[in-house]
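Tertiary structure, described
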Amino acid sequence: MEQTDSSGQYRQRQRDVVQAMRAVLPAHCVLYQEEDTRPYECDGLAAYRQLPMVVVLPENETQVIAVIAICRRLQVPIVPRGAGTGLSGGALPIADGVVLSTAKFNRILKVDANARIAVVQPGVRNLAISDAVAAHGLYYAPDPSSQIACTIGGNVAENSGGVHCLKYGLTVHNVLAVRAIGMDGEVLELGGAALDAPGLDLLAVFIGSEGMLGVVTEVTVKLVPQPQTARVIMASFDDVVKGGDAVANVIAAGIIPAGLEMMDQTSSRMVEPFVKAGYDTDAAAILLCESDGTPEEVEEEILRMSAVLEQAGATAIAVSRSEAERLRFWSGRKNAFPAAGRISPDYYCMDGTIPRKRLAQVLLGIAAMEAKYGLRCANVFHAGDGNLHPLILFDANQAGEFERAEAFGAEILELCVEVGGTITGEHGVGIEKINSMCVQFSSAELEAFLAVKRAFDPAGLLNPDKAIPSLNRCAEFGRMHVRQGLLKFPDLPRF
């Protein structure tokens with residue numbers, strides 16, 4: 001009987017929200033039937049799914065303000081959503097909440113080639129920006145592997161990077177201004193055209209805030225000149241420790257490559273049949289080291305990097321001889337995730353960051369965990385900035401394998417923290433790493449994060465229960481660790 005009453009209350013609440021939304025949005029922009037809301041039940045972390053109560057697709061900023069006003073009045077949670085390519089569950093719906101999709105905000109509003117900026121709406125795809133400004137000899141530098149599909153609004157939410165972030169930076173280094181709507185319905189204008197905006201640097205606070213502080217409606221991005229040429233080295237190593245040490249040696253030599261990526265043998269053998277990138281599948285690890293700039297600069301840097309790699313113990317070095325070959329070398333790295341689907345029914349992509357000098361230690365630690373959990377792991381890295389993306393391979397149809405994959409991933413993140421790193425580099429926390437936040441940060445630090453959240457969203461309606469765990473949640477996580485004998489960090493709450 002209680003279940004019937006609860007279901008009835010839910011349906012009445014849904015009707016109230018739909019009616020209110022249809023008063024401010026066209027009918028086709030309000031979705032509530034299950035067959036229409038099903039595509040929004042998860043983001044790229046498909047292991048966690050939840051049907052939203054209502055999905056809205058506003059077409060302009062006025063409608064966004066109206067939607068937020070309705071949710072504020074009815075006390076309905078809002079989950080902002082871009083293209084849904086995120087990998088941490090940041091866009092997972094709330095059962096009795098609204099998903100606010102920015103898919104219809106897909107226009108490039110302005111390109112100023114002289115100022116090297118573009119003003120775009122949040123639903124514009126990452127790669128579409130570079131395509132639109134290519135005629136001016138410019139491009140947008142951050143290039144996550146999902147750049148063909150992911151949107152700039154989602155990039156802002158997660159502070160996305162990519163294979164070239166070592167030289168050109170993450171989203172936060174390439175966004176000049178953000179226009180967003182706060183939960184109070186006010187327009188927030190953060191950053192600006194000047195190198196330094198007056199007041200606190202709230203732009204940096206907002207970028208990477210995972211939809212918890214406001215809904216983005218406009219982004220001003222920095223454009224950079226296309227390099228005259230680019231070439232990439234593929235270096236093979238017979239030992240992952242040598243490969244990890246080589247990464248640190250390249251940076252120690254004063255070289256900042258345009259890209260510096262590492263793949264272990266499992267990854268190379270997984271990818272090569274899929275894209276035929278020309279990888280050395282006999283190598284224990286390969287490095288992809290790119291140089292870009294003028295032909296003279298590239299030639300010199302390629303020679304310097306080759307010398308460092310040879311000294312570090314590279315068993316083979318191949319240098320791209322054409323643009324087509326360069327793109328082919330990169331195609332394997334960029335297709336590592338889809339290639340995993342060819343060899344495993346499921347995979348769990350982790351995201352942690354460590355000091356470069358600890359790469360070899362962490363790789364050996366992950367190898368030991370493979371034996372402990374009885375699961376394979378393919379390792380791909382943004383090695384230049386220490387950002388790891390281990391792909392844990394499992395079969396969700398086998399009892400207990402998903403739980404083992406989750407535990408495997410959590411232990412990788414704990415190892416990242418133990419060696420002086422962090423639990424995320426570019427995928428965000430979402431719901432996936434919320435317990436790992438308890439490992440990374442003390443109670444006082446978590447309370448400071450929550451204070452920032454409350455300053456923007458006092459009612460806690462914007463993407464609630466994501467990214468920042470409650471102290472009660474951390475306390476329970478601490479008790480679990482004590483019971484399992486896993487407690488390593490003194491700041492983890494134990495009460």
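So, here is what we can say about the structure in this document. What you see is a predicted model; the values in this text were computed from it and never measured.

1. As for the sheet that holds strand E10 (residues 215-222)
On the basis of which strands lie adjacent, the open sheet formed by 5 strands has the order E5-E6-E10-E8-E9 and antiparallel pairing. Looking along the sheet, the strands with just one partner apiece sit at the ends: strand E5 (108-112) and strand E9 (187-191). Each strand of the sheet is rotated relative to its neighbour by a mean of 10 degrees, with strand direction disregarded. Pairing geometry for strand E6 (residues 117-120) and E10, over 4 bridges, is antiparallel. Note that in E10 the partner of Val-119 across the bridge is Thr-220. Helix-sheet contacts for helix H3 (residues 61-74) involve strand E8 (175-181), E9 and E10, and the interaxial angle to E8 is about 50 degrees.

2. Quick look at a nonpolar patch on the surface
Taken together, the side chains of Leu-200, Leu-202, Val-205 and Val-452 make up a nonpolar region of the molecular surface, amounting to roughly 340 Å² of accessible area. Relative to the assigned elements, Leu-202 resides in helix H7 (residues 202-206). Here Leu-202 falls in the partly exposed class, since its relative accessible area comes to 32%.

3. Things to note about the state of the cysteines
In total, this model carries 1 disulfide according to the counting rule given. At a sulfur-sulfur separation of 2.1 Å, the disulfide partner of Cys-438 is Cys-474. Note on the Cys-438 and Cys-474 pair: the S-S dihedral is about -90 degrees, so by sign convention the disulfide is left-handed. Within this pair, whereas Cys-438 is found in helix H15 (residues 436-440), its partner Cys-474 is found in helix H17 (residues 471-484), the two being separated by 36 residues in sequence. Across the pair, exposure class does not vary: Cys-438 and Cys-474 are buried alike. No disulfide involves Cys-29; its nearest neighbouring cysteine sulfur is the one of Cys-71, lying 15 Å away. Here Cys-416 is not cross-linked by a disulfide; its sulfur's nearest cysteine counterpart is in Cys-377, at 11 Å.

Reading guide: rules and limits
- Residues numbered from 1 in each chain as written.
- Predicted model: local features only at pLDDT ≥ 70, side-chain atom pairs only at ≥ 80, totals over all residues.
- Heavy atoms only, no water.
- Pairing = 2+ DSSP bridges.
- Helix = DSSP H or I, 4+ residues; strand = E, 2+ residues; numbered from the N terminus.
- Axes fitted to C-alpha atoms, helices over the stretch in contact; angles between N-to-C directions.
- Contact = heavy atoms within 4.5 Å.
- Patch = residues over 30% accessible without salt bridge, like charges linked within 9 Å, V, L, I, M, F, W, Y side chains within 5 Å.
- Areas by Shrake-Rupley, 256 points an atom, 1.4 Å probe, with all protein chains shown as cover.
- Salt bridge = Lys/Arg side-chain N within 4 Å of Asp/Glu carboxyl O.
- Buried < 20%, exposed > 50% of the residue type's maximum accessible area, 1.4 Å probe, protein only.
- Disulfide = S-S within 2.5 Å.

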